[in-house]
Amino acid sequence: MVNSKCLPLLMKEFEARTPRSRQVADRARRVLPGGETRSITFYPPYPASITKAAGAVITDVDGNSYLDILNNYTALVHGHAFPPVVEAARAAASEGVVYPAPHEAQLDLAEHLIARHAVAQQIRFTNSGTEATLLAMRTAQAVTGRDRFILFEGGYHGSAPLITGPHPQVTRVPFNDPAAVEEVLDDTIAAVLIEPCLGVGGVIAAEPEFIQTLRDMTYKVGALLVIDEVQTLRASYGGATELYEVDADLVVMAKLIGGGYPTGVMGGRASHLRVLDQATPGAIKHSGTFNGHLVSARAGLVALEHLTQPAIDRMNASAEKLANRIEVSGRTNGVPVIVTRFGSMLHVHLQDHEPANAGQVTPDPTAVSALHLALLLEGVFAAPRGLVALSTVLTDDQLDSVAAGYERAFARMTAH
Ligand SMILES: Cc1ncc(COP(=O)(O)O)c(C=O)c1O
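Note that this is a predicted model, so its numbers are computed, not measured.

Comments concerning the overall build of the protein chain
Logical step 1: What the protein chain contains, in helices and strands, is 14 helices and 16 strands.
Logical step 2: Taken against the 2.2 N^0.38 rule, which gives 22 Å for 416 residues, the C-alpha radius of gyration of the protein chain at 22 Å falls within 12% of a compact globule.
Logical step 3: Considered along the principal axes of its C-alpha atoms, the protein chain spans approximately 70 × 55 × 45 Å.
Logical step 4: Once local pairs closer than 6 in sequence are excluded, the contacts in the protein chain between residues at least 24 apart make up 71%.
Logical step 5: Just so you have it, the protein chain exposes about 17600 Å², and 54% of that area is on carbon and sulfur atoms.
Logical step 6: The protein chain carries 33 positive and 43 negative side-chain charges, and their two centres are separated by 7 Å.

Printed below as a string of structure tokens:
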């Protein structure tokens, strides 16, 4: 049983260990609303302020080090300061950083992604996953002449009103529920957007039949199917699309494809992407000062080249091992734990039932905060809400230390 009094004690210990992080947080609050610039990275009493990171180890301003099993929410698939990526970024920066013109590094990355991902016959660069999602929505509107969308409860595709809703053009339905989709999918819908595995929503994978049914239903009404691979690309060489053998119209990618630098990509069938070709009458005007940034393109290509199928297989096997160990140590300590996994992404759910959709994620928020703080105190850096995303550079010894960290964290939560 989780001791309800553990959270204030953990907070006190965290504060005692992080006096300089508190100073940084006080300074941040004067210039940033809430002391943050990214809603998701805040946690009470204040986040540990990071000062450097290399490989799988990050260090805060107080000199505490942590094994990073979050990797900037899946973006740093080779951990921090991965030498080949650093070298590529350094070389690119010395060549001029960004040009107001096309360059071959964009084409090298575009060709790699097109060879790698079954849905991407052509691509367009953006600066983030949010922008790529919005571009996919505009593209779907232009292709279909319709303006409404279906998204899933617990789905996350970025930070913009049209995507985060509620929005009059968006209907949200439960994940893994084909009947709910059927009820609202008609010939006014431009596109259905789906993460093959809800990432932010709790690492909940789509049932294969669900994705197949979506494909059939969207074809029937002439709506596009947009697959969001921003997080799931790491699951297999060709992303979740390869695992599910799904035949989508458009794909959105971001995070790891920039090697840690900002970028996003919207890709899809060449026949659909014609609406972005300036030679097409009424073409979508899509610009961005940093679209196809030189540093991101070079760093991203190197990161992708190192993300081979054997490297992915090793990461996925480590994640499976870790998931099992976390469940066992939770059980041993009397903490209800279910770990969901998709490739190298995990979500540690503090509940006793496996969720099939976001509505079934019902943890005690106090226990979730307690686990997160206890992990930090044990030198493990996971997401406050329970997400884990491994990197290729985490060694077996480090993985053992992470598993032991979870075990001690559960013991802290149940101690009296
Ligand atoms: C599945 C998914 N899509 C889109 C996004 C948005 O990407 P970005 O943060 O680069 O705008 C995210 C970000 O977490 C994501 O997880």
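As for the sheet that holds strand β16 (residues 387–389)
Logical step 1: Pairing in this open sheet of three strands is antiparallel, and the strands run β13-β14-β16 from one edge to the other. Each edge of the open sheet is held by one strand with a lone partner, namely β13 (338–342) and β16. The sheet shows a mean angle of 20 degrees between the axes of neighbouring strands, taken without regard to direction.
Logical step 2: Sheet contacts for helix α12 (residues 309–332): β13, β14 (345–349) and β16; angle to β13, the most-contacted strand, approximately 170 degrees.

Quick look at the side chain of Arg116
Logical step 1: As for its placement among the helices and strands, Arg116 is situated in helix α4 (residues 104–116).
Logical step 2: The buried charged residue Arg116 lacks any salt bridge partner; its closest oppositely charged side chain belongs to Glu242, at an N-O distance of 7.8 Å.
Logical step 3: Each residue touching Arg116, except ones within four places of it in the same chain, is listed here: Tyr237, Gly238, Leu304, Leu307 and Ile312.

Things to note about the pattern of salt bridges
Logical step 1: Here the structure, examined in full by the defined rule, presents 13 salt bridges.
Logical step 2: Note that Glu13 is salt-bridged to Arg17, the shortest N-O span being 3.5 Å. Separated by four residues within a single helix, Glu13 and Arg17 lie in helix α1 (residues 6–17), roughly one turn from each other.
Logical step 3: Across the pair Glu327 and Arg331 runs a salt bridge whose closest N-O atoms are separated by 3.9 Å.

Some points on the packing of α4 against helix α11 (residues 294–306)
Logical step 1: Where α4 meets α11, the closest approach of the two axes is 8 Å, and the angle between their N-to-C directions is 35 degrees. Of the two possible hands of crossing, α4 and α11 adopt the one that is left-handed. Here Ala105, Gln106, Asp108, Leu109, His112, Leu113 and Arg116 of α4 come into contact with α11, specifically with Leu294, Ala297, Arg298, Gly300, Leu301, Leu304 and Glu305.
Logical step 2: For the contact of α4 with α11, the class distribution of residues is seven nonpolar, three polar and four charged.

Digging into the environment of Arg146
Logical step 1: With respect to the element layout, Arg146 can be found in the loop between α5 (129–144) and β5 (148–152).
Logical step 2: In this structure the C-alpha to C-alpha distance between Arg146 and Val170, which are 24 residues apart in sequence, comes to 12 Å.
Logical step 3: Looking at Arg146, its side chain comes within polar contact range of the main-chain oxygen of Val221, at 2.7 Å.

Let's talk about unusual backbone geometry
Logical step 1: The omega torsion across Pro44 and Pro45 is 5 degrees, close enough to zero to call that bond cis.
Logical step 2: Note on placement: Pro45 falls in the loop between α2 (19–31) and β1 (50–54).
Logical step 3: Phi is positive for Asn71, which is not a glycine, with a value near 50 degrees.
Logical step 4: Relative to the elements of secondary structure, Asn71 occurs in the loop between β3 (65–68) and α3 (83–94).
Logical step 5: Even without glycine at this site, Val97 takes up a positive phi of about 70 degrees.
Logical step 6: By secondary structure assignment, the location of Val97 is in the loop between α3 and α4.

Things to note about the packing of aromatic side chains
Two aromatic rings, taken as a pair, are described by how far apart their centres are and by the angle between their planes.
Logical step 1: Using the criterion set out here, one finds eight aromatic pairs in the structure.
Logical step 2: When the ring of Tyr66 is compared with that of Phe381, the centres are 6.0 Å apart and the planes differ by 70 degrees; the resulting orientation is edge-to-face. Pair noted here: Tyr66 is in strand β3 and Phe381 is in strand β15 (residues 380–381), with a separation of 315 residues, a long-range link.
Logical step 3: By relative accessible area, Phe381 is classed as buried at 15%.

Some thoughts on the nonpolar core
Logical step 1: Among the nonpolar cores identified, the biggest contains 104 residues, and Leu350 and Tyr406 are the most heavily contacted of them.
Logical step 2: Among the elements that line this core, the one with the most residues is helix α13 (residues 365–377), at nine residues.
Logical step 3: Counting contributing residues, this core receives three or more from each of domain 1 (32–80 + 309–414) and domain 2 (83–306).
Logical step 4: In this structure Tyr406 touches Ile69, Ile326, Val348, Leu371, Leu375, Val380, Ala382 and Val388, once residues within four positions along its chain are discounted.

Definitions and cut-offs
- Residues numbered from 1 in each chain as written.
- Predicted model: local features only at pLDDT ≥ 70, side-chain atom pairs only at ≥ 80, totals over all residues.
- Heavy atoms only, no water.
- Helix = DSSP H or I, 4+ residues; strand = E, 2+ residues; numbered from the N terminus.
- Rg over C-alpha atoms; globule rule 2.2 N^0.38 Å.
- Contact = heavy atoms within 4.5 Å.
- Areas by Shrake-Rupley, 256 points an atom, 1.4 Å probe, with all protein chains shown as cover.
- Lys, Arg positive; Asp, Glu negative; His and termini not counted.
- Charge placed at Lys NZ, Arg CZ, Asp CG, Glu CD.
- Pairing = 2+ DSSP bridges.
- Axes fitted to C-alpha atoms, helices over the stretch in contact; angles between N-to-C directions.
- Buried < 20%, exposed > 50% of the residue type's maximum accessible area, 1.4 Å probe, protein only.
- Salt bridge = Lys/Arg side-chain N within 4 Å of Asp/Glu carboxyl O.
- Left-handed = near helix turned anticlockwise from the far one by under 90°.
- Nonpolar A, V, L, I, M, F, W, Y, C, P; charged D, E, K, R; others polar.
- Polar contact = N/O pair within 3.5 Å; in protein donor to acceptor, adjacent residues only side chain to side chain.
- Phe/Tyr/Trp six-rings, centres within 6.5 Å; stacked < 30°, edge-to-face > 60°.
- Core = buried A, V, L, I, M, F, W, Y, C linked by side-chain atoms within 4.5 Å.
- Domains from an automatic or database assignment.

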